[in-house]
Amino acid sequence: MRRVFTWLVPILAAAALSLMAATAGAHDKKLHAAAAPLPIDPGGPFALIDHRGKAVTDRDFRGRHMLIFFGYATCPGICPTGLRGMAAALDALGPDGDGIAPILVTIDPERDTVENLAPAVAKVHPRLIGLTGSFDQLNAAAKAYKVSAKLVGWTLQKQPIVEHGSYIYLMGPEGDFLTIFPPIMDPDEMAAAIRKYLG
Amino acid sequence: MRTIAVTAVAAAMLFSLGQGAAQAATPERVQVTGEVIDSWCYLTEIMYPEGSAHHLCAIWCAAGGIPVGIKGDDGKVYTVLKLGADTTSVASPGVLEIQSRQVKVDGDLYVRDGINYLTIGKIVSDQGIVNLTHDEYGIQPFGE
């Protein structure tokens with residue numbers, strides 16, 4: 001018995017160490033333990049105001065997955081595409097997606113006030129949460145998510161044209177980064193990918 | 001003593017197997033040759049998306065933050081996640097200059113959720129825009 005124990009303890013210890021080494025540092029370790037982690041680490045604290053005028057922080061979303069997109073309500077190009085894709089993916093998930101908080105963080109605080117955001121997000125999806133705030137608050141959030149944004153011009157209708165990152169971020173219930181989706185991804189494929197991260 | 005030695009060897013072998021798994025979780029170093037494309041127009045097929053016909057639109061799309069891709073000669077589409085040492089943004093629009101060009105790049109490949117993400121470390125060669133499609137398709141999306 002002692003001989004078996006002499007074998008077993010170091011082997012189990014080595015196995016445990018091996019497992020720890022193989023998974024340490026991977027944000028999506030459950031799903032992609034064998035895959036290289038994406039070389040980005042977006043996410044972090046934010047303190048903003050939602051489209052109902054309520055102050056919210058990242059901690060208010062603990063326990064829920066977050067689908068986050070940075071854009072602006074009057075964006076003529078990629079924002080409606082990305083947001084509609086997010087919305088369609090949520091619908092495709094059905095009840096499985098009930099725990100997901102879909103979020104638009106504006107990069108245009110001047111125009112995307114609480115009053116303007118409320119009807120804009122409602123048009124996209126009844127559950128879409130619009131977040132705005134001061135320039136400094138939004139700048140901090142964009143910086144945390146490694147999103148660049150820059151005003152590059154104006155349309156004839158006096159609407160801003162802002163160049164900005166347009167990936168959709170899937171964050172875990174602890175605020176941990178799980179993965180990104182291109183804004184042009186097929187909603188059904190996005191839903192299938194999200195489903196793998198749930199549960 | 002013999003038992004201890006055998007145990008130690010077994011433990012070391014098992015640990016090295018685990019280390020191998022950990023080391024396997026590194027990106028694949030690749031060299032990709034192909035045309036730089038605007039992923040939105042290419043994947044949605046809302047207009048003709050390649051070569052000189054689509055160059056102007058591709059620049060506008062990249063400036064708008066739409067992910068830039070490479071249509072590889074290997075038939076795969078790669079989504080460019082980073083170019084060079086840019087650490088401040090995800091999908092920086094700093095790829096305007098190479099839109100529509102035929103390039104060969106060195107980079108790291110990350111396959112996630114069915115998408116080939118590429119971080120470009122170096123543009124090895126840039127042949128410019130060689131896919132001259134504007135005579136046939138006009139200048140997209142604005143016409144001639």
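Note that residues are indexed from 1 along each chain, following the sequence as it is written. Lettering for chains starts from A, numbering for ligands starts from 1, and both go in the order in which the items are written. Two thresholds apply to this predicted model, a pLDDT of at least 70 for residue-level local features and 80 or more for giving and counting side-chain atom pairs, whereas whole-chain, interface and lining totals are computed over all residues.

*Asks:* What is the right way to look at the overall build of chain A in this model?
*Replies:* Counting secondary structure elements, chain A contains 6 helices and 9 strands. Partly exposed residues are those whose C-beta has more than 12 but fewer than 20 other C-beta atoms within 10 Å; with 20 or more the residue is buried, with 12 or fewer it is exposed, and the C-beta atoms are placed from the backbone. Here chain A holds 199 residues, and 41% of them are scored as buried. Placing C-beta atoms from the backbone, we regard two residues as in contact once those atoms come within 7 Å. Relative to all contacts within chain A whose residues are 6 or more apart in sequence, the contacts with residues 24 or more apart total 67%. Strands here are runs of E lasting at least two residues and helices are runs of H or I lasting at least four, both read from the DSSP assignment and numbered beginning at the N terminus.

*Asks:* Any chance you could explain unusual backbone geometry here in plain terms?
*Replies:* In terms of backbone geometry, most residues other than glycine have negative phi values and most peptide bonds are trans. The backbone of K146(A) sits at a positive phi, close to 55°, despite the residue not being glycine. The residue K146(A) is located in the loop between α5 (135–144) and β6 (149–154) in this model. Looking at K146(A), the number of C-beta atoms within 10 Å reads 23, which means it is buried. With phi around 55°, D113(B) is a residue other than glycine that occupies positive phi space. Here D113(B) falls in the buried class, since 20 other C-beta atoms lie within 10 Å of it.

*Asks:* What exactly am I supposed to notice about the sheet that holds strand β1 (residues 28–38) of chain B here?
*Replies:* For sheets, the rule is that strands pair by backbone hydrogen bonds, running either parallel or antiparallel. Residues and elements named next belong to chain B. Here the rule is simple: two strands pair whenever DSSP picks up at least two bridges between them. Pairing is mixed around the closed barrel formed by 5 strands, whose spatial order is β1-β2-β3-β5-β4. Strand-to-strand twist across the sheet, computed as the mean angle between neighbouring axes with direction ignored, equals 55°. As defined by bridge partners, β1 adjoins strand β2 (residues 68–72) across 5 bridges and the pair is classed as antiparallel. Paired with D38 across the two strands is V68, which belongs to β2. Helix axes are fitted to C-alpha atoms over the stretch in contact, other axes to C-alpha atoms as well, and angles between N-to-C directions run from 0 to 180 degrees. Helix α3 (residues 55–63) contacts β1 and β2 of the sheet and is inclined by roughly 120° relative to β1.

*Asks:* I'm lost on α3(B) in this one. Help?
*Replies:* Residues three or four positions apart in an α-helix share a direction because the helix packs 3.6 residues into each turn. Those residues of α3(B) not exposed but buried are H55(B), C57(B), A58(B), C61(B), A62(B) and A63(B). Against the buried residues of α3(B) lie β6 and β7 (160–164) of chain A together with β1, α2 (39–44) and β2 of chain B. Backbone geometry just downstream of α3(B) places G65(B) in the positive-phi region, at approximately 95°.

*Asks:* Can you help me understand the pairing of strand β4 (residues 100–106) of chain A in this one?
*Replies:* Consecutive side chains along a regular strand alternate between the two faces of the sheet. Residues and elements named next belong to chain A. In terms of burial, β4 is largely enclosed, as 6 of its 7 residues are buried. In terms of strand pairing, strand β3 (residues 65–71) meets β4 through 7 bridges, oriented parallel. In the sheet register, G71 faces β4, and the bridge partner there is T106. A clockwise path from the first strand over the helix to the second, with the strands pointing away from the viewer, defines a right-handed crossover. Viewed along the sheet, the connection from β3 through helix α3 (residues 78–93) into β4 turns out right-handed. Where β4 and strand β5 (residues 129–132) come together, 3 bridges link them in parallel fashion. Residue pairing in the sheet places I103 in a bridge with I129 of β5.

*Asks:* Hey, could you run me through the sheet that holds β3(A) in this one?
*Replies:* Residues and elements named next belong to chain A. Pairing is mixed across the open sheet formed by 7 strands, whose spatial order is β2-β1-β5-β4-β3-β8-β9. Where the open sheet ends on each side, the last strands, each with one partner, are β2 (55–57) and β9 (177–181). Neighbouring strand axes in the sheet, compared pairwise and without regard to direction, differ in orientation by 35° on average. Strands in contact with helix α6 (residues 187–197) are β8 (168–171) and β9; relative to β9, the strand with the most contacts, it is inclined by about 175°.

*Asks:* Is there a simple way to think about the nonpolar core in this case?
*Replies:* For soluble globular proteins, the rule of thumb is that nonpolar side chains tend to be buried together. By our criterion, buried Ala, Val, Leu, Ile, Met, Phe, Trp, Tyr and Cys residues that link up through C-beta atoms within 7 Å make up a nonpolar core. Counting 79 residues, the largest nonpolar core has I68(A), V105(A) and V80(B) as the members making the most contacts within it. When residues of this core are assigned to their parent elements, the largest contribution, 7 residues, is made by α3(A). The residues touching I68(A), leaving out its near neighbours within four places in the chain, are I103(A), V105(A), Y145(A), Y169(A) and M171(A).

*Asks:* What is the right way to read the confidence of the model for chain B from this model?
*Replies:* Caution applies to low-pLDDT regions: their predicted coordinates should not be interpreted in detail. Residue and element names in this part refer to chain B. Confidence scores labelled pLDDT are given residue by residue by the predictor and lie between 0 and 100. On average, chain B scores 77 in pLDDT, and the residues at 70 or more come to 74%. Counted against residues more than four places away or in other chains, residues 14–23, with its pLDDT under 50, gives 19 contacts. Both confidence scores are given for the complex: pTM 0.77, ipTM 0.71.

*Asks:* Can you help me understand the pairing of β2(B) in this one?
*Replies:* Residues and elements named next belong to chain B. With 4 of 5 residues buried, β2 is to be regarded as a mostly interior element. Here β2 runs beside strand β3 (residues 77–83); their pairing, made up of 3 bridges, is antiparallel. Opposite G69, over in β3, you have T79 as the bridge partner. In textbook terms, the turn of a hairpin is the stretch between consecutive antiparallel strands, and for β2 and β3 this stretch comprises 4 residues, one of which, G75, has a positive phi near 90°.

*Asks:* Looking at this model, I keep getting lost on the environment of R59(A). Mind explaining?
*Replies:* Take R59(A): it is sitting in the loop between β2 and β3. In this structure the C-alpha to C-alpha distance between R59(A) and G175(A), which are 116 residues apart in sequence, comes to 7.9 Å.

*Asks:* Which parts of the structure should I look at to understand the packing of α3(A) against α6(A)?
*Replies:* Helix-helix packing is characterised by the crossing angle of the two axes and by the distance between the axes. Residues and elements named next belong to chain A. Across the interface, α3 lies against α6 with an axial gap of 8 Å and an inter-helix angle of 60°. Here α3 is positioned oblique relative to α6, judged by the angle of their axes. Here the hand of the crossing between α3 and α6 comes out right-handed. Taken together, the residues of α6 that come into contact with α3 (itself represented by G85, A88, A89, A92 and L93) are P187, D188, M190, A191, I194 and R195. Polar here means any residue other than Ala, Val, Leu, Ile, Met, Phe, Trp, Tyr, Cys and Pro, which are nonpolar, and Asp, Glu, Lys and Arg, which are charged; Gly is therefore polar. The residue inventory of the contact of α3 with α6, partitioned by class, reads 8 nonpolar, 1 polar and 2 charged. Small angles under 35 degrees read as roughly parallel and large ones over 145 as roughly antiparallel, with 65 to 115 read as roughly perpendicular and the rest as oblique. By definition, any crossing whose near helix is turned counterclockwise from its far helix by less than a right angle is left-handed, and any crossing with a clockwise turn is right-handed.

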